[in-house]
Amino acid sequence: MSDNDHNVDYNELKAKAIAQPLVEHIYTADPSAHVFDGKIYVYPSHDIDAGIPFNDNGDHFGMEDYHVISLDNPEADAVDNGVALHVKDVPWAERQMWAPDAAKKGDKYYFYFPAKRADGIFQIGVAVGDSPVGPFIPQPEAIKGSYSIDPAVFEDDDGSYYMYFGGIWGGQLQNYRDNQYDANTDEPAADQPALGPIVARLTDDMLEFDETPREIKILDEQGNELLAGDNDRRFFEASWMHKYQGKYYFSYSTGDTHFLCYATGDNPYGPFTYQGQILTPVEGWTTHHSICQYENKWYLFYHDSILSQGVTHLRSVKMTELHYDKNGKIIPINPYKD
Ligand code: FUB
């Protein structure tokens with residue numbers, strides 16, 4: 001269920017779906033969910049049809065602004081809080097406002113987002129607000145040393161914040177080695193270690209990287225790095241980090257094989273050891289998620305393209321409960337009942 005070029009009965013698929021969209025009046029995707037002040041806030045992409053033809057670079061994902069969705073609790077109706085940030089207000093960005101995230105520190109809220117500069121290169125910016133739903137005021141420049149897409153910001157128990165980011169293909173990560181851009185550099189050969197996501201601790205003011213970003217290693221059960229040709233397991237995009245029972249759970253999308261997977265480790269930098277799948281493929285090409293605890297339950301936020309009848313860049317955010325087994329393994333979820 002990874003393409004929209006197949007014959008699908010969308011009414012039947014909607015009936016089989018384990019969850020329905022949080023909101024239906026706009027298209028939303030790439031949900032980053034957090035509990036701030038006892039309420040759930042979801043920071044999604046706001047999908048639109050920008051009229052840009054489909055290509056492998058993802059140019060058809062031509063998003064221009066962000067809306068924050070809030071829920072008083074997991075059973076409550078989702079509320080759209082309107083435009084929180086628009087590309088026209090970001091001095092350094094020109095287009096393609098892709099998957100964002102947010103963090104709270106003190107009484108300020110920090111909204112992180114990737115966008116393309118006028119020269120077509122992705123960077124990651126930050127915008128600051130007094131409310132979890134915005135409006136957010138962007139910094140004049142992108143975060144120094146940032147690149148690629150899909151920022152996810154994780155607060156560790158000691159009060160440090162880390163940003164995880166990166167995505168291959170349209171996300172441009174394959175053009176970087178050691179944080180340096182080279183248009184002629186590409187993905188490694190299939191029998192070489194796969195490119196990893198990138199992590200950097202944030203400065204106290206949350207506006208910059210506090211260290212040189214480093215690449216994360218994802219290992220198999222034998223301790224070997226996952227290979228670039230291991231498309232069912234290697235990192236593609238959509239980083240997320242959460243902690244469960246003292247362990248670090250790094251989760252991500254495998255892109256062209258359409259799985260959400262995870263790997264665990266004992267510190268925020270890894271290495272992380274591959275553990276398995278979280279979500280089997282959704283309708284639509286992309287899959288992207290977050291994992292968030294509300295009181296004593298855990299939830300997976302994800303998206304699919306059922307509402308738009310399979311249009312891959314017109315997606316809808318959903319949520320469902322997530323369970324662990326007694327060994328801390330995530331029990332994989334099929335988004336559609338058999
Ligand atoms: O929404 C645009 C891109 O699609 C995101 O940045 C990726 O993670 C994928 O979901």
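Refer to the structure presented above.
In what follows, the accompanying structure is described. Only a predicted model underlies this, so the values are computations on that prediction, with no experimental measurement involved. (Residues numbered from 1 in each chain as written. Predicted model: local features only at pLDDT ≥ 70, side-chain atom pairs only at ≥ 80, totals over all residues. Heavy atoms only, no water.)

Below, the discussion takes up the packing of aromatic side chains. Inspection of the entire model under this criterion finds 31 aromatic pairs. Where Y43 meets F111, the ring centres are 6.1 Å apart and the plane angle is 50°; that geometry is what we call tilted. One end of the pair, Y43, is in strand β2 (residues 39-47); the other, F111, is in strand β6 (residues 108-116), and 68 residues separate them in sequence. F111 carries the same exposure label as Y43, and that label is buried. Every member of this aromatic cluster is reached through a ring pair, and the members are F36, Y41, Y43, Y66, W92, Y109, F111, F113 and F136. (Phe/Tyr/Trp six-rings, centres within 6.5 Å; stacked < 30°, edge-to-face > 60°. Helix = DSSP H or I, 4+ residues; strand = E, 2+ residues; numbered from the N terminus. Buried < 20%, exposed > 50% of the residue type's maximum accessible area, 1.4 Å probe, protein only.)

In this structure, Y112, M163, Y164, L202, I218, F250 and Y252 are the most contacted members of the largest nonpolar core, which totals 42 residues. Of all the secondary-structure elements, those providing two or more residues to this core are β6, β7 (122-129), β9 (152-155), β10 (161-165), β13 (198-201), β17 (247-253), β18 (260-265) and β19 (272-279). For this core, the element with the most residues is β10, which contributes five residues. Listed in part, the 26 residues of the second largest apolar core include M97, A115, A127 and I149. (Core = buried A, V, L, I, M, F, W, Y, C linked by side-chain atoms within 4.5 Å.)

To continue, consider the sheet that holds β17. Strands sit in the order β15-β19-β18-β17-β16 across an open sheet of five strands; the sheet is mixed. A single partner strand is all that each edge strand has here, and the edge strands are β15 (218-219) and β16 (237-244). The pairing of β17 with β18 spans six bridges and is antiparallel. Paired with Y252 across the two strands is C261, which belongs to β18. (Pairing = 2+ DSSP bridges.)

What follows concerns the site of the ligand. Neighbouring residues of the ligand: D30, S45, M63, W98, A99, I149, D150, E237, T286, H288, H303 and R315. A distance of 2.5 Å separates an oxygen atom of the ligand from a polar atom in the side chain of D30. Measuring from an oxygen atom of the ligand, one finds a side-chain N or O atom of H288 at 2.7 Å. For the ligand, whose accessible area on its own is 280 Å², the fraction buried by protein is 99%. (Near = heavy atom within 4 Å. Polar contact = N/O pair within 3.5 Å; in protein donor to acceptor, adjacent residues only side chain to side chain. Areas by Shrake-Rupley, 256 points an atom, 1.4 Å probe, with all protein chains shown as cover.)

Relative to β13, β10 is paired through four bridges, and the arrangement is antiparallel. Counterpart to F165 in the pairing with β13 is I198. Pairing of β13 with strand β14 (residues 214-215) involves two bridges; the strand directions are antiparallel. Looking at β14, one finds that I198 is bridged to E215.

For strand β20 (residues 290-294), the tally of buried residues reaches four of five residues, placing the bulk of the element in the interior. Relative to strand β21 (residues 297-304), β20 runs antiparallel, the two being bridged by five bridges. Each residue of the ladder has a partner; that of S290, found in β21, is F301. Between β20 and β21, which pair antiparallel one after the other, the connecting turn spans two residues, and E295 there sits at a positive phi close to 50°.

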